[in-house]
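# Structure assessment
Chain by chain, the residues:
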Amino acid sequence: TDGMNAQDLAKILHRPAAEIVKKLFMLGVMVNQNQSLEKDTIEILAADYGIEAKEKVQEDITDLDRFFDVDNEDESHLVSRPPVVTVMGHVDHGKTTLLDNIRHSHITAQEAGGITQAIGAYQVKYNDQVITFLDTPGHAAFSEMRARGANITDITVLVVAADDGVMPQTIEAINHAKAAKTPIIVAVNKVDKPGANPDHVTEQLTEYGLIPEDWGGDTIFVKISAKFGKNIDELLDMILLQAEVMELKANPNRRAVGSVVEARLDQGRGPVATLLVQQGTLHVGDPIVVGNTFGRVRTMTNENGRRIKEATPSTPVEITGLNAVPEAGDRFAVFEDEKTARAAGEERAKRAQEEERARTSHVTLDNLFATM
Ligand code: GDP
Ligand code: MG
């Protein structure tokens, strides 16, 4: 409304400008047709004509954050969603063995025999409830993803080998989980081994604020053997219990938003991205902006490589149809139409390039000064 005068108003209201000026005069505002009006004056005048004046807010189409604003979501639209779990811990403490064990012992009968895990995430059904597991992307990747704004994990399972104890990457994992504000469930692994000392591990972890309930704390500890499948069900029970306490919810009936788990360029299929849907439902054909790229969801497959048509909250899917390869931790949002998605994606790519240029030239200057 900035700079709007009586003439502009006359056009909008389909009244003669002279009439507007006269009305303004009666309201105690003395102006000619070309003088710009105060916002309040416009509002009062518009109200006199029975119109509610609203400032036109220029929407920034490149801003993906606005889609993630779920705090304003009507409570009645929300339904519970599966927890998203990341397994972290020191190298060789048994993360992969644990993920494999869970996956193989809880696949549905129809899938048995035919499973080849295609993507770095999967879902299991346990006690009629779904849990989403993300393959540990490596701690560095994890923190980089967080730096990009992706907060995709609800619960961290910290694997600590009972024969090795707390190691550097164990501490790193604790720090990541704390920074991401996700609750930690401790899986003390390899309890089958002769040299296993679970109590020592527990004692070590108390120094990092991870104290089991029977020691007066509130951290869940489960003693497992990932290799021999011991207490895995108990661990899953604890994950579901923790999830229940968290009351994880999402609205499946809106355009999808989420994050990139991983992405690569496939020789035949072009850019391929594993996405985690966090709100809404993603469909084949949806126009989408992913990080600094865009496209239309051409194909969508689940973790077993099966074609699916839609994906609800907490579901990991692999999609094709993007213009370029996004980065892990990038966020995505489905747009109302392909034209807007393209415009937003291209603008985001342009800005990213400019930022990159600014950064590299800055570095060059720094280097220059350093050598002087
Ligand atoms: P990651 O680096 O954390 O993914 O560790 P892996 O899952 O690759 O396991 C490292 C090694 O420990 C492998 O040789 C596993 O077979 C072994 N391992 C994992 N879990 C157990 C366990 O519960 N008991 C025993 N005895 N060995 C295990
Ligand atoms: Mg591994």
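Note that the structure is predicted; figures quoted are calculated from it, not measured. The residue numbers shown here count from 1 along each chain, following its written sequence. Labels are handed out in written order, letters beginning with A for the chains and numbers beginning with 1 for the ligands. Local features in this predicted model are restricted to residues whose pLDDT is 70 or higher, and side-chain atom pairs enter the listing and the counts only when it is 80 or higher, whereas totals over whole chains, interfaces and linings include all residues. Hydrogen atoms and water are omitted, and side-chain values are computed over all heavy atoms in the structure.

### Considerations on the pattern of salt bridges
Formally: We define a salt bridge as a side-chain nitrogen of Lys or Arg found within 4 Å of a carboxyl oxygen belonging to Asp or Glu. Here a helix means four or more residues in a row that DSSP labels H or I, a strand means two or more in a row labelled E, and each is numbered from the N terminus.
In this structure the tally under the stated criterion is 13 salt bridges. Across the salt bridge formed by E318 and R264, the nearest N and O atoms sit 3.2 Å from each other. Taken together, the residues E318 in strand β15 (residues 316-322) and R264 in strand β9 (residues 257-266) connect sequence positions 54 residues apart. Here R342 ties to E346 by a salt bridge, and the two come within 3.2 Å at their closest N and O atoms. Here R342 and its partner E346 are both found in helix α9 (residues 338-371), four residues apart, which amounts to about one turn of the helix. Shared partners join several salt bridges into a network, and the residues in it are R264, D266, R269 and E318.

### Comments concerning the pairing of strand β12 (residues 287-290)
We apply this condition: Here's how the labels work: a residue is buried when its accessible area is under 20% of the maximum for its type, exposed when over 50%, partly exposed in between, all with a 1.4 Å probe on protein chains only. Two strands are counted as paired when DSSP detects at least two bridges linking them.
Of the two faces of β12, the one lined by P287 and V289 and the one lined by I288 and V290 are each fully buried. Judged from the four bridges that link them, β12 and strand β13 (residues 293-301) form a sheet pairing that is antiparallel. In the sheet register, I288 faces β13, and the bridge partner there is G295. Two successive antiparallel strands, β12 and β13, enclose a turn made up of two residues, where G291 displays a positive phi of approximately 55°. Pairing of β12 with strand β16 (residues 331-334) involves three bridges; the strand directions are antiparallel. Note that in β16 the partner of I288 across the bridge is V334.

### A few points about the sheet that holds β15
Where we set the bar: The axes used here are C-alpha line fits, helices contributing only the stretch in contact, and every angle between their N-to-C directions lies in the interval 0 to 180 degrees.
Taking strand neighbours around the barrel as the criterion, the six strands line up as β9-β10-β15-β13-β12-β16 in a closed arrangement whose pairing is antiparallel. Shown here is a sheet whose adjacent strand axes are inclined to one another by a mean of 45°, direction ignored. In the sheet, β13 pairs with β15 via four bridges, with the strands oriented antiparallel. If you follow T299 over to β15, its bridge partner there is T320.

### Brief notes about the site of ligand 1
Here is the rule: Note on definitions. A residue lies near a molecule or strand when any single heavy atom of the residue is within 4 Å of it. A 3.5 Å cut-off defines polar contacts: any pair of N or O atoms within that distance qualifies, except that in protein one atom must be a possible hydrogen donor and the other a possible acceptor, and neighbouring residues in sequence count only when both atoms are side-chain atoms. Shrake-Rupley sampling with a 1.4 Å probe provides the accessible areas, and residues are treated as covered by the protein chains on show and by no other component. Residues were grouped as follows: Ala, Val, Leu, Ile, Met, Phe, Trp, Tyr, Cys and Pro as nonpolar; Asp, Glu, Lys and Arg as charged; and all remaining residues, including Gly, as polar.
The local shell around ligand 1 holds 15 residues, among which D92, K95, T96, T97 and D192 are the closest. With respect to ligand 1, the side chain of K190 contributes an N or O atom lying 3.0 Å from an oxygen atom. The side chain of S225 places a nitrogen or oxygen atom 3.2 Å from an oxygen atom of ligand 1. Notes on ligand 1: free accessible area 580 Å², of which the protein chains cover 75%. Tallying contributions element by element places helix α4 (residues 95-105) first for the shell around ligand 1, with three residues. Of the residues in the shell around ligand 1, the class split is two nonpolar, seven polar and six charged.

### Notes on helix α3 (residues 39-48)
Short version of the rule: Regarding the arc, it is the one traced by the directions from the helix axis to the C-beta atoms. Whether two residues touch is decided by their heavy atoms; if any such pair falls within 4.5 Å, the residues are in contact.
Looking only at α3, the buried set comprises T41, I42, L45 and A46. Across the axial projection of α3, the buried residues extend over an arc of 130°, all falling on one side. Looking at α3, the residues exposed on the side facing more than 90 degrees away from the buried face are D40 and A47. Considering only its buried residues, α3 is in contact with α1 (6-13) and α2 (17-26). Backbone geometry just after α3 places G50 at a positive phi near 75°.

### As for unusual backbone geometry
Positive phi, normally seen in glycine, also occurs at D92, with a value near 70°. Within the secondary structure, D92 sits in the loop between β2 (84-89) and α4. Classification of D92 as exposed rests on a relative accessible area of 63%. With a phi close to 65°, N231 is a non-glycine residue in the positive phi region. Mapped onto the fold, N231 is located in the loop between β7 (220-223) and α8 (232-246). Exposure remark for N231: the relative accessible area of 28% places this residue in the partly exposed category.

### A word on the confidence of the model for the chain
Stated precisely, the cut-off is as follows: Think of pLDDT as the predictor's per-residue confidence, scored from 0 to 100.
Residues of the chain with pLDDT of at least 70 account for 87%, and the chain-wide mean is 87. Residue range residues 108-116 is modelled with pLDDT below 50. Its contacts to residues more than four positions away, or to other chains, number ten contacts. Listed scores for the predicted complex are pTM 0.79 and ipTM 0.99.

### So, a nonpolar patch on the surface
This is how the line gets drawn: Two distance rules govern patches: like charges are joined within 9 Å, and nonpolar side chains (Val, Leu, Ile, Met, Phe, Trp, Tyr) within 5 Å, applied only to residues with over 30% relative accessible area and no salt bridge.
Among the surface-exposed residues, F25, M26 and M30 lie close enough to one another that they form a single nonpolar patch of about 410 Å² accessible area. Within the element layout of this structure, F25 appears in helix α2. With relative accessibility at 52%, the residue F25 sits in the exposed group.

### Description of the side chain of H90
The topology assignment puts H90 in the loop between β2 and α4. Apart from residues lying up to four places away in sequence, H90 is in contact with K95, V159, M167, P168, Q169 and T170.

### Overview of a negative patch on the surface
Counted only if it meets this: His is not counted here, nor are the chain ends, while Lys and Arg score as positive and Asp and Glu score as negative. A charge is said to be at NZ when it belongs to Lys, at CZ for Arg, at CG for Asp and at CD for Glu.
Taken together, the side chains of D74, E75, E244 and E247 define an acidic patch exposed on the protein surface. Position of D74 among the secondary structure elements: in the loop between α3 and β1 (79-80). With relative accessibility at 39%, the residue D74 sits in the partly exposed group.

### So, the nonpolar core
Spelled out, the test is: Within this scheme, the nonpolar core is defined by two criteria: the residues are buried Ala, Val, Leu, Ile, Met, Phe, Trp, Tyr or Cys, and they are joined through side-chain atoms within 4.5 Å.
If you look at the biggest cluster of nonpolar residues, it comprises 26 residues, and the most contacted ones within it are L98, F133, V157, L235 and I239. Among the elements of the structure, β2, α4, β3 (121-126), β4 (129-134), β5 (155-161), β6 (184-189), β7 and α8 are those that each provide at least two residues to this core. Per-element tally for this core: the top contributor is α8, with six residues. Each residue touching F133, except ones within four places of it in the same chain, is listed here: V85, V87, L99, I102, G120, A121, Y122, V124, L236 and I239.

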